[in-house]
Structures are given as C-alpha cells and as structure tokens.
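Chain by chain, the residues:
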Amino acid sequence: MSNSKQALLLNPEAWTSKQLDEWLKRFEDGRYAQFAGALKGRTGADVVRLSPTDWAQLTPQDLAMSLRFTLLGMVQVASHEESVTIVTDFVPFVSPGKASRVQSEPERVKPVKFPPMIEMPSVPVLICMVLLIIAAVLCFTVLRGPLEDVGINSENLVKYGSIPLVSVGFTYIHIWLALFMTFYPLGYVGCLQIPGTNTGFGWQGIVPHKGEKMARQAVKIMTRQLMQVSEVFSRIEPAEVVKELEPILFNTIQTVVEDMALKYSPELWAVLPAKVKEEIVEKVKEESPAHIEALMDEIRNNIEDVFDIEDMVVTNMCKDK
C-alpha cells in the first residue's frame, strides 16, 4: 500500500498526536485539515475526550461537530472489532449492480388529442367529393338543357341542391363545437368567472369543471354499492405479500440502507468497514419480512384510517385531466 493510502488503526483513542495530525490532513481529501493547528500536540484519546465546551470553541462549528461524531463513531465501531483498519481515501460502499442499474420509468399513456374541425379526408371521401363536383359542373353545363326539358332549371337546382350542403356543414360545425366545449378547455379561459360555474366572460369544459363531482360520485357508487374496501383488503394475506415483495426487497435494501445512512449519518457511514456494512444490510434483510408482515396486518385491520380511496381517486382524476 502506498504512503497516501497507509492504513491507520480505526480506534482514534490509540492514535498518537502524529497519527491524529496525519489523519486530519488525509481523511476525505483533508476535510478536517483546518483543525490540525488547533488540535496540535493532542493524542487521539485527548480529542475524543474533549468536553462539549472545548468542541464549541472550534470553528466552523458544524464541521467541528462532524469531526466529533466521526471520531466517536469510529471508537464505537472499533470496540466491536479490534483488528479493523481503514484507509484515508475511503470509497463509499456501493452495491455491485448500482452503477449499471438503469432506472426505467413506466410508459405513460399518451392522451388522445381532440380531432380538429378540418382535417385531410381519406381517399374514398376525396373520390366522392370529386365525383360530386364533376356532377354539379355537368348539371350546369352539358346537362343543363336536358334538365330544363324535364322542368329542373338552374335556379331550382341551386335552391334544392344547397339544402343538404348547408345542413351538413352547419350540423358538422355545431356538433364539433358542442363536443369540444364539453371537454375543453381544461381550465377556465376568460375573465369574470361566475363562482361555482364554468361560465362568465369565458368558458371551461363541462367535464373538467364537474370532474371532481363525477369522480366522487363514481367512487361512492363503487365503494358503497359494489364493493367494500375493507373486504377487499381482508383477502390479502400478509405472508403472500412478503413472498411477492421478497425478491424486490432484497435487491433494493442495500441501496436503501446506504442512502439512509449517507443522508442521516454520512460521516459515520464513511468510516465503517465494508464488513460491518454488509452485516447491517444482512440484518435488515433478515428482519424486513417480519416488519412488512406486521405492517400489512396493521393496514388490513385499519384500512379505513390509512387508505382514503375516495381522496386518492378524486385527486388523481382531477390531476390527470
């Protein structure tokens, strides 16, 4: 091992003043190096036994507290494993597959867009339109004479021929507009909205405006007339849940333990040897099934208190318009 990675005894109480000074300058690239002067001449045992008043005199205070608890954590670990050594350029414990693991997000269903009022017609429709135009042109040109011979002049042809065209066009536009205004816009567009309504000098779609009311009514019908939430959850066996979750739990516990440790006690976790970390993870794996089973039992017995299905459904339906 090179000088920059020289192993030091884990227990700070056994350090000489020189070893303490060396550790302060090397640990995590000199994180605590600024305290080397203030603690010069003190042994590891002297620093560990400093009173809170002495620690309060070191600045910056947050870094001094970090140093204090790091040393105390190292002492506690060393008291359980005397032969453990650490290196100053410690590499955090990471699961082998963590670096290569890809967090895949579930595919979200793309919302269906409301069809536009005018769009490119299909080929059969285009053919029919072309044939109608050709027929209309022929009626006013080549077939004009024969039609007048049977009593159909151009004026009557325009009068009666325009009826289906205007009717179809008007019906198409106002039905499309009615359907659009039923679902859009999702939020009120305009100003001076009348409280409790979707109108004013503007408009909001009828369905989005009444979405919450419709969702609550649907949930009430389902939970009061079709099924009981407590009855559904009572059929769930905690042991089966644990069995189904076990593969996922065992694959994620190591990451969860590491993330929690780095969040709440990063200094202590940084100095723990790999063997101790592995023992912690294995202990969590060993006890997690029992805790999950107990949790499922409690949820099943108090489902109405911990699971508000009405609020969950209404919130998601109103959010995902």
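Shown above is the structure to which this text applies.
Below: a short report on this structure. (Residues numbered from 1 in each chain as written. Predicted model: local features only at pLDDT ≥ 70, side-chain atom pairs only at ≥ 80, totals over all residues. Heavy atoms only, no water.)

Topic: the overall build of the protein
Using the following cut-off: Numbering of helices and strands starts at the N terminus; helices are DSSP runs of H or I of at least 4 residues and strands are runs of E of at least 2. The rule is simple: take the accessible area with a 1.4 Å probe, protein chains only, and divide by the maximum for that residue type; under 20% is buried, over 50% is exposed, in between is partly exposed. A contact between two residues is defined here by any heavy atoms of the two lying within 4.5 Å. Using a 1.4 Å probe, accessible areas were evaluated by the Shrake-Rupley method; residue-level cover was limited to the displayed protein chains.
Helices and strands together make up the secondary structure of the protein, namely 15 helices and four strands. The proportion of buried residues among the 321 residues of the protein is 23%. Across the protein, the fraction of contacts at a sequence separation of at least 24, relative to all contacts at a separation of at least 6, is 63%. Carbon and sulfur atoms form 62% of the exposed surface of the protein, whose accessible area is close to 22,400 Å².

Considerations on the packing of aromatic side chains
How two aromatic rings sit relative to each other is set out by the distance from centre to centre and by the angle between their planes. What counts, and what does not: What counts as a ring pair is set by centres within 6.5 Å for rings of Phe, Tyr and Trp (its six-membered ring), and what kind of pair is set by the plane angle: stacked under 30 degrees, edge-to-face over 60, tilted for all other angles.
Applying the stated criterion across every chain, the model contains four aromatic pairs. Ring geometry for W15 and W23: centres 5.3 Å apart, planes at 40 degrees, overall tilted. Judged on exposure class, the residue W15 and its partner W23 are both buried. Measuring from centroid to centroid gives 5.3 Å for F180 and Y184, while their planes differ by 20 degrees, and the two rings are stacked. Aromatic ring contacts, followed pair by pair, group W15, W23 and Y32 into a single cluster.

Examining the pattern of salt bridges
Inclusion rule: One speaks of a salt bridge when a side-chain nitrogen belonging to Lys or Arg is within 4 Å of a carboxyl oxygen belonging to Asp or Glu.
Under the definition given, this model contains five salt bridges. Notably, a salt bridge pairs D21 with K25, separated by 3.1 Å at the nearest N-O pair. Of the two residues, D21 and K25 both sit in helix α1 (residues 17–26), four residues apart, roughly one turn of that helix. With a shortest N-O distance of 2.7 Å, R26 and E22 are connected by a salt bridge. In this pair, R26 and E22 are both assigned in helix α1, four residues apart and thus about one turn of the helix distant.

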